Amino acid sequence: MSSLAPWERAARGAMLLDAEGRLAPTIFAEMSALANRTGAINLGQGFPDEDGPEEVLEAARQAITDGVNQYPPGRGLPVLLEAVAAHQKRFYGIELDPSLEVLVTAGATEALAATLLALVDAGDEVVTLEPFYDSYGAVIGLSRGQHVTVPLRGPDFRVGHDELRRAVTDRTRIILLNDPHNPTGTVLDEATKSLIVELAHQHDALIVSDEVYEHLIFDGVAHHPISTLPGAADRTITVSSGGKTFSTTGWKIGWLSGPAALVERILAVKQFLTFVNGAPFQPAIAVGLGLPDSYFEGIAATLQHKRDLLSAGLVAAGLPVSRPQGSYFVVADARGLGFDDAAELCRRLPSLAGVVGVPISAFCHADLAAEYSSLVRFAFCKRVDVLERASAQLAALRPGL
């Protein structure tokens, strides 16, 4: 067994330790500090700069006025549990018992942490796609699991089925997905999801599906939760949150759903993490989940326009881009400006164009980081005027700098 303390394993998994084993600032912290120091437009962090729908904000204010300010029930307020169940049925035809098969959490991050800590034992393997959201590696480390990855190959960031088959074995405890995917914006195709379910059955693995961008999908692509596939529901935990959908990332209201026995095990861990959270925000998110279809269609259309606006600026700058089908992010290739090292470009972009991005290598283990060394993630979940200004500044760049 490793002699590293749990926090050290987690830090290594999240790539937070330097070569001497010291806790180092993440690239996200470095880029945000650079944006603050230079006044550059921060497209490195994935949070919106506009408030969510007024109905949701007003519901939170009303809940505070009404005295919903103390500990909510451990599973969450019934109004939100029922709203999550109704949402899953409305959009996906999924039937859930809100009292047994839904759990409210402190954002999707806690949902994922509690799930892995509850279901992963020392030495169990957890398979993720790579690049991967940085907290995945940290929580796998805290759970004493072994992190196994399947690379998303460019230029369209698709899963190689042979590589997926090799990664999932009898040692696999959990296949952890992010669909739509951060940082690449890819949406898993049905053939890949069907293979994941097949492999989970073959190797008696569980599936954990992080679907926080479920309503932020573009170009007519539809989101189909993996739990809706035949044979998936009884071994899948689905995770989502209100932060992205309702532009309330600071509220940290998330949830998970799945088989009652698994949810009960996760609750046993969750109660020793945050215990409970966000009492007045829970009924507000419940209001959001009940908004009409036009709201959900509108946020996707608005974000698609923002994707296209920023992408055009990047292309004009000489930076080829992928075409994300979902999420907040577009990936650009720094080689278009003569940079093989995206981290170097990111450190220079504030002076070159007054814009900050994040290198994709920050989402990879060291052995795969070189393959993605020239790629940069930019967030387009900002105000249109901010994106217009960023696009104009980027477009002023020319190859050969």
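Nothing here was measured: the structure is a model prediction, and the numbers come from that model.

Our focus in this paragraph is the sheet that holds strand E13 (residues 375–379). In space, the three strands of this open sheet follow the order E10-E13-E12, with antiparallel pairing throughout. A strand with exactly one partner marks an edge of an open sheet, and here the two such strands are strand E10 (329–333) and strand E12 (358–359). Two elements, E10 and E13, share five bridges in a ladder whose sense is antiparallel. Residue pairing in the sheet places aspartate 333 in a bridge with leucine 375 of E13. Here helix H11 (residues 293–316) sits on the sheet and contacts E10 and E13; the angle it forms with E10, its principal contact strand, is near 10 degrees.

As a further point, take the pattern of salt bridges. Applying the stated criterion across every chain yields a total of 21 salt bridges. One salt bridge connects glutamate 30 with arginine 347, and the closest N-O pair in it is separated by 2.6 Å. Note that glutamate 30 is positioned in helix H2 (residues 27–38) and arginine 347 in helix H12 (residues 342–353), a separation of 317 residues in sequence. Across the pair aspartate 219 and arginine 323 runs a salt bridge, and its minimum N-O distance is 3.2 Å. Placement of the pair is aspartate 219 in the loop between strand E7 (206–210) and strand E8 (236–241) and arginine 323 in the loop between H11 and E10, with a sequence separation of 104 residues. Classification of aspartate 219 as partly exposed rests on a relative accessible area of 36%. Residue arginine 323 is classed as exposed on the basis of its relative accessible area, which comes to 55%. Each of Asp219, Arg307, Asp308 and Arg323 takes part in one network of salt bridges that share partners.

With that out of the way, let us pick up unusual backbone geometry. Residue proline 131 is reached from glutamate 130 by a cis peptide bond, and omega for that bond is 10 degrees. In this structure, proline 131 sits in the loop between strand E3 (125–130) and helix H6 (134–142). The omega angle of the peptide bond from asparagine 182 to proline 183 is 20 degrees, so this bond is cis rather than trans. Counting through the fold element by element, proline 183 comes out in the loop between strand E6 (172–178) and helix H8 (190–202). Even without a glycine there, the phi angle at phenylalanine 157 is positive, about 55 degrees. Tracing the backbone through its elements, the reader meets phenylalanine 157 in the loop between strand E4 (146–153) and strand E5 (158–159). Taking the relative accessible area as the measure of exposure, phenylalanine 157 reaches 6% and is therefore buried.

Our focus in this paragraph is the UniProt feature "domain: Aminotransferase class I/classII large" (unreviewed entry) in the protein. The feature "domain: Aminotransferase class I/classII large" (unreviewed entry), as given by UniProt, occupies residues 40–380 in the numbering adopted here. Helix makes up 38% of residues 40–380 and strand 18%, and the two end C-alpha atoms of the span are 15 Å apart.

Here the focus is the packing of helix H5 (residues 107–119) against H6. One way to put it is that H5 packs onto H6 with a least axis distance of 9 Å and a crossing angle of 30 degrees. Classified by the angle between their axes, H5 and H6 sit roughly parallel to one another. Read as a crossing pair, H5 and H6 show a hand that is right-handed. Residue-level contacts link Thr109, Leu112, Ala113, Leu116 and Leu117 of H5 to Ser135, Tyr136, Val139, Ile140 and Leu142 of H6. Considering only residue class, the contact of H5 with H6 consists of eight nonpolar, two polar and no charged.

Taking strand neighbours across the sheet as the criterion, the eight strands line up as E2-E9-E8-E7-E6-E3-E4-E5 in an open arrangement whose pairing is mixed. Each having just a single partner strand, strand E2 (102–106) and E5 make up the two edges of the open sheet. Relative to E7, E6 runs parallel, the two being bridged by five bridges. Looking at E7, one finds that asparagine 178 is bridged to aspartate 210.

Between its first and last C-alpha atoms H8 spans 18 Å; for 13 residues at 1.5 Å apiece the expected length is 18 Å, and the two agree. When we look at burial in H8, the residues that qualify are Thr192, Lys193, Leu195, Ile196, Val197, Leu199 and Ala200. The opening residue of H8 is aspartate 189, an N-cap whose side-chain oxygen sits 3.1 Å from the backbone nitrogen of alanine 191. Where H8 terminates, the next one or two residues include aspartate 204, which has phi positive at roughly 55 degrees.

Moving on to the side chain of histidine 223. As for its position among the elements, histidine 223 is in the loop between E7 and E8. Reaching out from histidine 223, the side chain makes a polar contact with the side chain of glutamate 211 at a distance of 2.9 Å. The contacts of histidine 223, once residues within four sequence positions are left out, are Tyr92, Asp179, Pro180, Glu211, Glu214 and Ile217.

What follows covers empty space enclosed by the protein. Over the atoms rolls a probe the size of a water molecule, and its path tells where empty space is left. Within this structure, the stated rule accounts for one cavity of 30 Å³ or more. By volume, the largest cavity amounts to about 30 Å³. Forming the walls of the largest cavity are Gln88, Glu214, Thr238, Val239, Ser240, Trp255 and Ser257. Broken down by element, the lining of the largest cavity gets its largest block of residues, three residues, from E8. Of the residues that constitute the lining of the largest cavity, the class distribution is two nonpolar, four polar and one charged.

Attention shifts here to the nonpolar core. If you look at the biggest cluster of nonpolar residues, it comprises 125 residues, and the most contacted ones within it are Leu80, Ile174, Leu310, Phe378 and Leu394. A per-element tally of this core places H5 first, with eight residues. Once residues within four sequence positions are removed from consideration, leucine 310 is found in contact with Leu43, Val330, Phe378, Ala379, Phe380, Leu387, Ser391 and Leu394.

Conventions used here
- Residues numbered from 1 in each chain as written.
- Predicted model: local features only at pLDDT ≥ 70, side-chain atom pairs only at ≥ 80, totals over all residues.
- Heavy atoms only, no water.
- Pairing = 2+ DSSP bridges.
- Helix = DSSP H or I, 4+ residues; strand = E, 2+ residues; numbered from the N terminus.
- Contact = heavy atoms within 4.5 Å.
- Axes fitted to C-alpha atoms, helices over the stretch in contact; angles between N-to-C directions.
- Salt bridge = Lys/Arg side-chain N within 4 Å of Asp/Glu carboxyl O.
- Buried < 20%, exposed > 50% of the residue type's maximum accessible area, 1.4 Å probe, protein only.
- UniProt positions renumbered as here; feature names shortened; annotations may be inferred.
- Parallel < 35°, antiparallel > 145°, perpendicular 65-115°, else oblique.
- Left-handed = near helix turned anticlockwise from the far one by under 90°.
- Nonpolar A, V, L, I, M, F, W, Y, C, P; charged D, E, K, R; others polar.
- Expected span 1.5 Å × (residues − 1).
- Polar contact = N/O pair within 3.5 Å; in protein donor to acceptor, adjacent residues only side chain to side chain.
- 1 Å grid on protein atoms, 1.4 Å probe; cavity = no way out; pocket = protein on both sides within 12 Å on 5 of 7 lines; lining within 4 Å.
- Points joined across faces, edges and corners; volume = space filled by probe spheres on them.
- Core = buried A, V, L, I, M, F, W, Y, C linked by side-chain atoms within 4.5 Å.

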